[in-house]
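Observations on the model geometry
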Amino acid sequence: MLFKDVLGLSHLKKHLTATADSGRVPHAQLFVGAEGTGTLALAIAYAQYLLCQNIDGENDGENTVCNSKCNTLAHPDLHFAFPVANSDRVKSHAVSDLYLEEWRKFVREQPYGNLFDWYRLIGIEKKQGQIGVDEAQDIVKKLSLKSYEGGYKVFIIWMAEKMNIPAANKLLKLIEEPPEKTVLLLVTEDEGQIINTIKSRCQLLHFPPLAEDVIANALIKKGLKEAEANRLAHEANGNFNKALDLMNNDSEDLVFEKWFVQWVRSAFKAKGNKAAIHDLLNWSDEVAKNGREVQKKFLNYCSGIIRQAMLLNYSTPDLVYAKIHVDGFDLKKFAPFIHENNVLAITKELEDAIYHVERNGNPKIIFTDLSIKLTRLLHTKAA
């Protein structure tokens, strides 16, 4: 992958190429950025820059054989680790090497894709993947060998926050004192879930959301008209993956919108209304049938909509990017019900629900409890 194929992030590209050109490459780096900001894409482009000994800020130099290997993710000194789980094809001891063919397809077709896109590709969307101790053993083994082509070895760990504690502890010494000319690039959306002993050993690079004009220009190149590209770029809020999903009508948010509207409408009616309580119970059962990753994404989506509603309520429309496409639902009319007396409580309940889903709580109980609490909180009066 070439730097010119990575959207925006010019300041980070300059920083990374400058460190490589000067020979001062940190052995462990942590790329932190939200979904769709290009953390994985830039990590791969940077790895290619190092492996192919390209200079002067571009990574499509004269070493065409090396660049070709990197473009197909087939370079022998470029390694990957990412969250996996057992599937219909891989029955036990799932590790990244067993999914390399799917990974190459994922990077080729969805370099800005999210974790759920990856799980869906390998057929584990109803499970919670992880980077486990078997993976850590493979990483240690690979990096203990000499470089195949005599230069750098680069190991990219995507979604490093999915590393469990035994795996993280096994990699500590390697991250602190890696072999010569070994570069570890950890990519994460949530640095808070990276244990401090690993984070303290890495140089951190924070990725900002992509600018609207950068996303809009990329969508125009894909065939969208300027007005539509600008609209989707605003709604994507710096997330190019979401912009692509909206363009292709393939965003999970389109399903989440319907769930959210059905949920809050039933919650409004449920006070003193037995039929609406049954609607909430049926809704909870329906959401509980989905995989835990879908449930977590939906709860995070709800948190985002609640924040957007609060911003609308307090007259800051310039900060509002969300749009709900369900007929008959107006976020402006919903906004007055989210205020200083309930917004923190609603947010906390959503965060608690995410916590319990992650720890394999009973989803029917989690969503039923959340729905009953939402009914009470939405009827809380503003000051």
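**Quick look at the overall build of the protein chain**
When its secondary structure is counted, the protein chain shows 17 helices and five strands. Taken along its principal axes, the extent of the C-alpha atoms in the protein chain is 75 × 45 × 35 Å. Sequence-distant contacts, at least 24 apart, represent 73% of the contacts inside the protein chain between residues at least 6 apart. With an accessible surface of roughly 18,400 Å², the protein chain has 51% of that area assigned to carbon and sulfur atoms.

**Quick word on unusual backbone geometry**
Of note in this structure, Met159 is not a glycine but carries a positive phi near 60°. Relative to the helices and strands, Met159 is located in the loop between strand 3 (153-158) and helix 7 (165-176). Of note, Ser315 is a non-glycine position whose phi angle comes to about 60°, a positive value.

**Quick look at the side chain of Asn342**
Tracing the chain through its elements places Asn342 in the loop between helix 15 (331-334) and helix 16 (343-358). Setting aside chain neighbours within four positions, we find Asn342 in contact with Phe337, Leu377, Leu378 and Thr380.

**So, the environment of Cys302**
In this fold, Cys302 is placed in helix 14 (residues 292-313). Those residues in contact with Cys302 that sit more than four places away from it in its chain are Phe260, Trp263 and Leu350.

**Observations regarding the packing of aromatic side chains**
With the rule as written, the count across this model stands at 25 aromatic pairs. Both rings, one in Phe268 and one in Phe337, keep their centres 4.7 Å apart while their planes meet at 70°; by these two values the pair is edge-to-face. Residue Phe268 is located in helix 12 (residues 252-269), and its partner Phe337 is located in the loop between helix 15 and helix 16; the two are separated by 69 residues in the primary sequence. A connected cluster of aromatic rings, assembled from ring pairs, spans Phe256, Trp259, Phe260, Trp263, Phe268, Trp283, Phe298, Tyr301, Phe329, Phe334, Phe337 and Phe367. The ring of Tyr152 is capped by Lys181, whose NZ or CZ atom sits 5.3 Å from the centre of that ring.

**Considering the pattern of salt bridges**
The final tally for this structure, using the stated rule, is 17 salt bridges. A salt bridge links Lys69 to Glu149; the shortest N-O distance between them is 2.6 Å. Residue Lys69 is found in helix 3 (residues 64-71), and its partner Glu149 is found in the loop between helix 6 (133-144) and strand 3; the two are separated by 80 residues along the sequence. Lys69 gets classed as partly exposed once you look at its relative accessible area, which sits at 27%. One network of salt bridges, with partners in common, ties together Glu293, Lys296, Glu358 and Arg359.

**Regarding the packing of helix 9 (residues 212-221) against helix 10 (residues 226-236)**
The geometry of helix 9 relative to helix 10 is characterised by a closest axis approach of 8 Å and an angle of 135° between their N-to-C directions. The angle between the axes of helix 9 and helix 10 places the two elements in the oblique class. Handedness of the crossing formed by helix 9 with helix 10: right-handed. Along its contact with helix 9, which presents Glu212, Ile215, Ala216, Leu219 and Ile220, the element helix 10 presents Glu226, Ala229, Asn230, Leu232, Ala233 and His234. Looking at side-chain class alone, the contact of helix 9 with helix 10 contains seven nonpolar, two polar and two charged residues.

**Details of the sheet that holds strand 3**
Taken in spatial order, the five strands make up an open sheet running 2-3-4-1-5, and their pairing is parallel. Every interior strand has two partners, whereas the edge strands, strand 2 (78-81) and strand 5 (203-206), have only one. Here the strands of the sheet are splayed against their neighbours by 20° on average, with no regard to which way each runs. Pairing of strand 1 (residues 28-32) with strand 4 (residues 182-188) involves five bridges; the strand directions are parallel. From the neighbouring strand, Ala28 faces strand 4, where its bridge partner is Leu184. The strands touched by helix 1 (residues 10-21) within the sheet are strand 1 and strand 5, with strand 5 carrying the most contacts at an inclination of about 155°.

**Notes on the state of the cysteines**
What the rule picks out here adds up to one disulfide. The disulfide that involves Cys52 links it to Cys66, with 2.1 Å between the sulfurs. Judged by the sign of its S-S torsion, about -85°, the bond between Cys52 and Cys66 is left-handed. You can see Cys52 sitting in the loop between helix 2 (39-51) and helix 3 and its partner Cys66 sitting in helix 3, a full 14 residues away along the chain. The exposure classification of Cys52 matches that of Cys66, with both residues buried.

**Details of the environment of Glu286**
Positionally, Glu286 belongs in helix 13 (residues 274-288). Given a relative accessible area of 44%, Glu286 falls into the partly exposed group. With 139 residues separating them in the primary sequence, Glu286 and Ser147 have C-alpha atoms 51 Å apart.

**Digging into the pairing of strand 4**
Of all seven residues that make up strand 4, seven are buried, and the element is covered over most of its length. Side chains of strand 4 alternate between two faces, with Thr182, Leu184, Leu186 and Thr188 and Val183, Leu185 and Val187 buried alike. Bridge count for strand 3 against strand 4 is six bridges, and the pairing is parallel. Bridging across to strand 4, Lys153 finds its partner in Thr182. Following the backbone out of strand 3, through helix 7 and into the adjacent parallel strand 4, one traces a crossover that is right-handed.

**Re helix 17 (residues 363-378)**
If you check helix 17, its first and last C-alpha atoms are 22 Å apart, about what 16 residues at 1.5 Å a residue would give, namely 22 Å. The set of residues buried in helix 17 consists of Pro363, Ile366, Phe367, Thr368, Leu370, Ser371, Leu374, Thr375, Leu377 and Leu378. Lining the buried residues of helix 17 we find helix 12, helix 13, helix 14, helix 15 and helix 16. The residue sitting at the N-terminus of helix 17 and contributing the capping side-chain oxygen is Asn362; that oxygen lies 3.0 Å from the backbone nitrogen of Lys364.

Calculation rules
- Residues numbered from 1 in each chain as written.
- Predicted model: local features only at pLDDT ≥ 70, side-chain atom pairs only at ≥ 80, totals over all residues.
- Heavy atoms only, no water.
- Helix = DSSP H or I, 4+ residues; strand = E, 2+ residues; numbered from the N terminus.
- Contact = heavy atoms within 4.5 Å.
- Areas by Shrake-Rupley, 256 points an atom, 1.4 Å probe, with all protein chains shown as cover.
- Phe/Tyr/Trp six-rings, centres within 6.5 Å; stacked < 30°, edge-to-face > 60°.
- Lys NZ or Arg CZ within 6 Å of the ring centre and 35° of its normal.
- Salt bridge = Lys/Arg side-chain N within 4 Å of Asp/Glu carboxyl O.
- Buried < 20%, exposed > 50% of the residue type's maximum accessible area, 1.4 Å probe, protein only.
- Axes fitted to C-alpha atoms, helices over the stretch in contact; angles between N-to-C directions.
- Parallel < 35°, antiparallel > 145°, perpendicular 65-115°, else oblique.
- Left-handed = near helix turned anticlockwise from the far one by under 90°.
- Nonpolar A, V, L, I, M, F, W, Y, C, P; charged D, E, K, R; others polar.
- Pairing = 2+ DSSP bridges.
- Disulfide = S-S within 2.5 Å.
- Right-handed = clockwise from strand over helix to strand, strands pointing away.
- Expected span 1.5 Å × (residues − 1).
- Polar contact = N/O pair within 3.5 Å; in protein donor to acceptor, adjacent residues only side chain to side chain.

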